[in-house]
Amino acid sequence: MAILIDNTDEAAVRDICARHGDRPDALLEILHSVQGDVGYLPSGVLRIVADALNISRAEIHGVATFYHDFRHDPPADHAIGLCRAEACQAVGSEDLAAHAEKRLDAKTGARAADGKIDLEAVYCLGNCALGPAAMVDGRLYGRMTPEKFDRLVADLEGEA
Amino acid sequence: MAEPVRIFVPCDAAALSVGADDIAAAIADEAARRGVDVTIVRNGSRGMLWLEPLVEVETPEGRIAYGPVEAGDVASLFDAGFLEGGAHDLAHGPTEDIPYFARQERLTFARCGVIDPLDLNEYEAHGGLAGLRKALEINPPDIVEAVTASGLRGRGGAGFPTGVKWKTAAEQDADQKYICCNADEGDSGTFADRMLMEGDPFSLIEGMVIAGLAVGASEGYIYLRSEYPHAAATLRKAIALWEEAGLSGRCDDGSPRFTLHFRMGAGAYICGEESSMLESLEGKRGQVRAKPPIPAIAGLFGKPTIVNNVLTLAAVPDILSRGADHYKNYGMGRSRGTQAFQLGGDVARGGLVEKAFGVTLRELVEDFGGGTHSGTPVRAVQAGGPLGAYIPVSGFDVEMDYEALAAQGAMLGHGGVVVFNDSVDMAQQARFAMAFCEIESCGKCTPCRIGAVRGKETIDKIMAGDNRAENLAILEDLCDLMTDGSLCAMGGLTPMPVQSAVKHFPEDFSG
């Protein structure tokens, strides 16, 4: 159920908007910034941003839901993005993805059974000569193999 | 005391993805352990990505290449005397003599991999800023004329003559104009923009400032995709350094005469389409705008706007400094200058090949690429990104130029060449083209939004053997409709990979 009032730090969000001059054209930057701080975009944030930029909540909702980057739920501790675009398909990204889903016991776009890792599909990380490519917590990997994947996951599970 | 030896370890994202940071650290540690004084320079990539991490050592005989280096190799490199260019199993001799590199024509990427990307002095020492100086000496219409005379066409994919676009914007009477750099390099198989932004970001900024002078724009935006965090970090620093050095000139109040804004996309492929990008820059959903008006007349915030790809803008300083003729003398037909081809997928020697237009696909895949990485036979390439055609080996003699590819029902796009081996299922690839369009369609026009879904379903039926002939006819019909009826290239070109797959690989659709 959507909630309108949550524990969002209203002053912090307003401060981010102010740093962007409360300009509607800076909306993506503002949403990136909030998500960078909070990890996702709680519905309360959209209300505050709408008020600060003097645009409707509907417009902000439209933007926040158009772009794949913006999340509407809290993320897991770790995120693994596997590239599923053509250049990586040509070097076995689909088999790798199947392996990853099995290892994490989660479908792509879902959270691992232990709740600590989100498995996501990405479409091109610009590492097309050294695929399959993966992005793990913002770090880019090339020539990913099932064995390397398992080692990475074990490390992440150990950390979390 | 002798100067410390300079060792180059790339900070390009592709090099980092295979451990370049670890190699730089290992070299520093090993040098300290042996009491040797070295300077480690983090350069961009030379583009020979199969050799990454490619370590170069500066010697009196030039820079000597070693790669791909793993952390475990570092001690043996020191033992082999690599600081003097000593022999080693990983040694390739002088970097610029490696055939892959020596056979290229590096104009736009002349400095990429050579210099520290954020060192303005090195930038200038290697020819940077000469184009801007020239632009400041001549009148704005002469800048436009030089770009027109060079024959430069948009490197984002559409291939529209850059000079014509600039002339249109220059002729508009407006209180504000904008230069927008499209750095939303979303096509799978392409990474040239990323390499340039990470390896020589000042050349892009210089190109944008020159464009601003040419058309009378005082503000610019770089719209970068969020999947490129390394490029983002480098660009942000480069913009700050450029402005600190006052290279855009200063107004009376001390602000730069050309203000450059950096904007990050948010994971929407469609925002590489120029009008979607403009919507996104305005803080809106990245939905395509109907044309006309064209952006050069009414673009960002309704003002005359130049939208150019990274490589288009980065080509401009060289065109100004060495003259339009120098650039124009490369290439063939109406495709002048050089193109940054990118070899990816299952390819033995993947990387960036900057060559004059006219090189054949076979030369790229076989001579440069060396066939597949897996060692299995090549079956097809996809040229020009996810919206480009699948080309069978029998079509590899095509010369890579805008018109020659179009004549074969293919396109150059942004110069990506993705190699597939003989295990590829072309029906599956056709299905993916539709599925990708379904995921990434902005939803504004029906042929794209609905067509992609129906296309995917129809290919599923064909793959399942359900009324195959009839469904292939439906698919063909649907593709024609999407081509003719879509508002932009997303829906309009998604049929290209689908129809080329059906045409050249019918056996994969017959069960």
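Nothing here was measured: the structure is a model prediction, and the numbers come from that model. (Residues numbered from 1 in each chain as written. Chains lettered and ligands numbered in written order. Predicted model: local features only at pLDDT ≥ 70, side-chain atom pairs only at ≥ 80, totals over all residues. Heavy atoms only, no water.)

**Concerning the confidence of the model for chain A**
Put simply, the rule is: Across the chain, each position has a pLDDT score giving the predictor's confidence in that residue, from 0 to 100. Whether two residues are in contact is decided by their heavy atoms, any of which lying within 4.5 Å being enough.
This prediction gives chain A a mean pLDDT of 93; 95% of its residues lie at or above 70. Counting contacts from residues 1-5 of chain A, a segment whose pLDDT is below 50, to residues more than four positions away or on other chains yields 7 contacts.

**Description of the environment of R46 of chain B**
All names here are of chain B. The line we're drawing: Secondary structure follows DSSP: runs of H or I at least 4 residues long count as helices, runs of E at least 2 residues long count as strands, and numbering of each begins at the N terminus. Think of it in three bands: with a 1.4 Å probe and only protein chains considered, a residue is buried below 20% of the maximum accessible area for its type, exposed above 50%, and partly exposed in between. Definition of a polar contact: a pair of N or O atoms within 3.5 Å, with one able to donate and the other able to accept a hydrogen when the atoms are protein atoms, and with sequence-neighbouring residues admitted only if both atoms are side-chain atoms.
Residue position: R46 is located in the loop between β2 (38-41) and β3 (55-59). According to the relative accessible area criterion, R46 is buried, its value standing at 2%. Along the backbone, R46 and S335 are 289 residues apart, and their C-alpha atoms lie at a distance of 25 Å. Setting aside residues no more than four positions away along its own chain, R46 makes contact with E52, L54, E56, R63, T95, E96, F101, R106, C112, G113, V114 and M195. A distance of 2.9 Å separates the side chain of R46 from the side chain of E56, its partner in a polar contact.

**Details of the state of the cysteines**
Residues and elements named next belong to chain B. What counts, and what does not: Only a pair of cysteine sulfur atoms within 2.5 Å counts as a disulfide in this structure description.
Scanning the model with the defined rule gives 0 disulfides over all chains in all. A disulfide-free cysteine, C488 has its sulfur positioned 6.3 Å from the sulfur of C448, the nearest such atom. The buried category is assigned to C488, whose relative accessible area is 14%.

**Re the nonpolar core**
Our working definition: Each nonpolar core is a collection of buried residues, namely Ala, Val, Leu, Ile, Met, Phe, Trp, Tyr and Cys, held together in the definition by side-chain atoms within 4.5 Å.
In terms of nonpolar packing, the biggest core is built from 181 residues, with Y67 of chain A together with W166, L204 and M400 of chain B touching the most fellow members. Examining the composition of this core, we find that 9 residues originate from one element, helix α10 (residues 201-215) of chain B, more than from any other. When residues no more than four places from it in sequence are discounted, the contact partners of Y67 of chain A are L28 of chain A together with Y223, A266, A268, C271, S280, K284, R285 and G286 of chain B. With 22 residues, the next largest nonpolar core counts I7, A26, A31 and V57 of chain B among its residues.

**Examining unusual backbone geometry**
In this chain, K291 of chain B is followed by P292 of chain B through a cis amide linkage whose omega measures 0°. Assignment of secondary structure puts P292 of chain B in the loop between α12 (274-281) and β9 (305-309). Phi at D137 of chain A is positive, roughly 50°, even though this residue is not glycine. One can find D137 of chain A in the loop between β3 (134-136) and β4 (139-141). Among the residues examined, D137 of chain A registers a relative accessible area of 41% and is labelled partly exposed. Of note in this structure, L129 of chain B is not a glycine but carries a positive phi near 75°.

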